[in-house]
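Geometric and topological summary
Take a look at the letters that make up each chain.
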Amino acid sequence: METYRRQIKFCYYKVVEIEINSDRNSHVVGNFNLVEWLMRMEEEEMVKHNIELSDCTVNLEQFCKFEGKNIYAIRAYKLRDANIPSKVKEGEDAIPIPLESDEYIGEDLNFLYDRDRSICMIQQNRMSIGISRLVEWINKFCSKEDKAIAMIPILNTFDSNGLERKSVRSIEFTFANSELKDGNGSLRSIINSFKGYKGATGKITLTVGREKNAELDKKCIVDLVNDIQANRGVINGAKIKVKEQSLLDDDKSRIEIVDLFENAVHDYIAFDIEKRKPLDFNRARSNMLKKYKDRQDLLERLCAQ
């Protein structure tokens, strides 16, 4: 059996119910039990049926509960009948993959739901259902008057100590042109140097450019990151691009962009997938459960804050 390895990103969300006021502001009123949506889909015989959303068609293929656990695994698809790929055979013309009038190309989305904690672990795919469409789908069947379901990313404060094991390729931040009076760090000198231009906001990008194995000075970046996090009233946003350091094969080290202010908890899972076949759902759900259990204590702690 010939396989290939694919790294898939998963993000964690708290599933909540929000109350929408007359002025269109909203606030969280409690957790939402996502099993209610699954049961509604089953009762209305909507499992394996196509459902139209605002700009796409979706299909809940299957869901199951892990034995002895209050955790569910779900697989859904975003369907398309445009931009169809072709089959190619050496020496022959390419042939578009044939589709009947009721057939589609399906882009899968796998996720877990922990009923006890109301936490979802959701696969992040460029072509599959996004969070906004998934929430639209759930609200289509479960929303109530003046209430709606939302998925809130679970965020973790970025720890600059973790940079010791990584190479920083770039850092970028935007700021309001307000003088920093406290501290002697590099951030203060950078921002205060722009006062004479009378601009309202600014944007700074420091990067190693195209040099393959270069990295920004670690001590300077750690100091700068700490300064940025301590001055959220002036800094509007900040991101760094980091590369995992590898002693074996630096070319294959993963590059990741980290938002210093909205660092959503996420994980990567490496799957060995059989060529010419999609990711097996049973393998996906077992690997997801293992990773989720590793993260459970952290997720509970962050949700309690």
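Heads up: these notes are all about the structure in this document. Values in this document were obtained by computation on a predicted structure and should not be read as measured data.

Some thoughts on the pattern of salt bridges
Per the counting criterion, the structure on display carries 16 salt bridges. Put simply, glutamate 2 and lysine 275 hold a salt bridge, and the shortest N to O gap is 3.1 Å. Within this pair, whereas glutamate 2 is found in the segment before strand S1 (3–20), its partner lysine 275 is found in the loop between strand S15 (266–274) and helix H5 (281–304), the two being separated by 273 residues in sequence. Among the residues examined, glutamate 2 registers a relative accessible area of 54% and is labelled exposed. A relative accessible area of 38% means that lysine 275 is categorised as partly exposed. Two residues, aspartate 108 and arginine 75, come together in a salt bridge whose shortest N-O distance is 3.6 Å. Placement of the pair is aspartate 108 in strand S8 (residues 105–114) and arginine 75 in strand S5 (residues 71–80), with a sequence separation of 33 residues. Linked through salt bridges whose partners overlap, the residues forming this network are Asp55, Arg133 and Glu136.

Digging into unusual backbone geometry
The backbone of aspartate 146 shows a phi angle near 65°, a positive value even though the residue is not glycine. If you trace the backbone, aspartate 146 turns up in the loop between helix H2 (131–142) and strand S10 (147–153). For aspartate 146, a relative accessible area of 48% corresponds to the partly exposed category. With phi around 70°, arginine 276 is a residue other than glycine that occupies positive phi space. The residue arginine 276 is located in the loop between S15 and H5 in this model. Accessibility expressed as a relative area gives 87% for arginine 276, which makes it exposed.

Some details on the packing of helix H1 (residues 35–43) against H2
Their axes nearest at 10 Å, the elements H1 and H2 cross at an angle of 65°. Regarding the angle of H1 to H2, the classification is roughly perpendicular. Handedness of the crossing formed by H1 with H2: left-handed. Judged by residue contacts, Glu36, Trp37, Arg40 and Met41 of H1 engage Leu134, Trp137, Ile138, Phe141 and Cys142 from H2. Taken together, the residues of the contact of H1 with H2 sort by class into 7 nonpolar, no polar and 2 charged.

Remarks on the side chain of serine 160
Topologically, serine 160 is positioned in the loop between S10 and strand S11 (166–176). Leaving out residues up to four positions away in the same chain, serine 160 has contacts with Val222, Val225 and Asn226.

Remarks on the sheet that holds S11
With antiparallel pairing, 4 strands are arranged side by side in an open sheet as S12-S11-S13-S14. Only two strands of the sheet have a single partner each, and these edge strands are strand S12 (201–207) and strand S14 (255–259). For this sheet, the mean angle separating the axes of adjacent strands, direction not counted, is 15°. Across 5 bridges, strand S13 (residues 235–244) lies against S14 in antiparallel orientation. The residue bridging lysine 239 from the neighbouring strand is aspartate 259, located in S14. Across the sheet, helix H4 (residues 218–229) lies against S11, S12 and S13, angled at about 35° from S11, the strand it touches most.

Here we look at the packing of aromatic side chains
Aromatic ring pairs are reported here in terms of the distance separating the ring centres and the angle at which the planes meet. Within this structure, the stated rule accounts for 6 aromatic pairs. Plain terms: the ring middles of phenylalanine 194 and tyrosine 197 are 6.1 Å apart, the flat faces sit at 45° to each other, and that makes the pair tilted. Residue classification places tyrosine 197 among the exposed positions, given a relative accessible area of 68%. Members of the aromatic cluster, connected to one another through ring pairs, are Phe173, Phe175, Phe194 and Tyr197.

Some words on the nonpolar core
Trp37, Leu134 and Trp137 are the most contacted members of the largest nonpolar core, which totals 32 residues. Where this core is concerned, the elements lending two or more residues are S1, H1, strand S4 (57–65), S5, S8, strand S9 (119–124), H2 and S10. Sequence-distant contacts of tryptophan 37, defined by excluding residues within four places in its chain, comprise Leu60, Phe111, Leu134, Trp137, Ile138, Phe141 and Cys142. By size, the runner-up hydrophobic cluster in this structure holds 26 residues, among which are Phe173, Ile191, Ala214 and Leu224.

Conventions used here
Residues numbered from 1 in each chain as written. Predicted model: local features only at pLDDT ≥ 70, side-chain atom pairs only at ≥ 80, totals over all residues. Heavy atoms only, no water. Salt bridge = Lys/Arg side-chain N within 4 Å of Asp/Glu carboxyl O. Helix = DSSP H or I, 4+ residues; strand = E, 2+ residues; numbered from the N terminus. Buried < 20%, exposed > 50% of the residue type's maximum accessible area, 1.4 Å probe, protein only. Axes fitted to C-alpha atoms, helices over the stretch in contact; angles between N-to-C directions. Parallel < 35°, antiparallel > 145°, perpendicular 65-115°, else oblique. Left-handed = near helix turned anticlockwise from the far one by under 90°. Contact = heavy atoms within 4.5 Å. Nonpolar A, V, L, I, M, F, W, Y, C, P; charged D, E, K, R; others polar. Pairing = 2+ DSSP bridges. Phe/Tyr/Trp six-rings, centres within 6.5 Å; stacked < 30°, edge-to-face > 60°. Core = buried A, V, L, I, M, F, W, Y, C linked by side-chain atoms within 4.5 Å.

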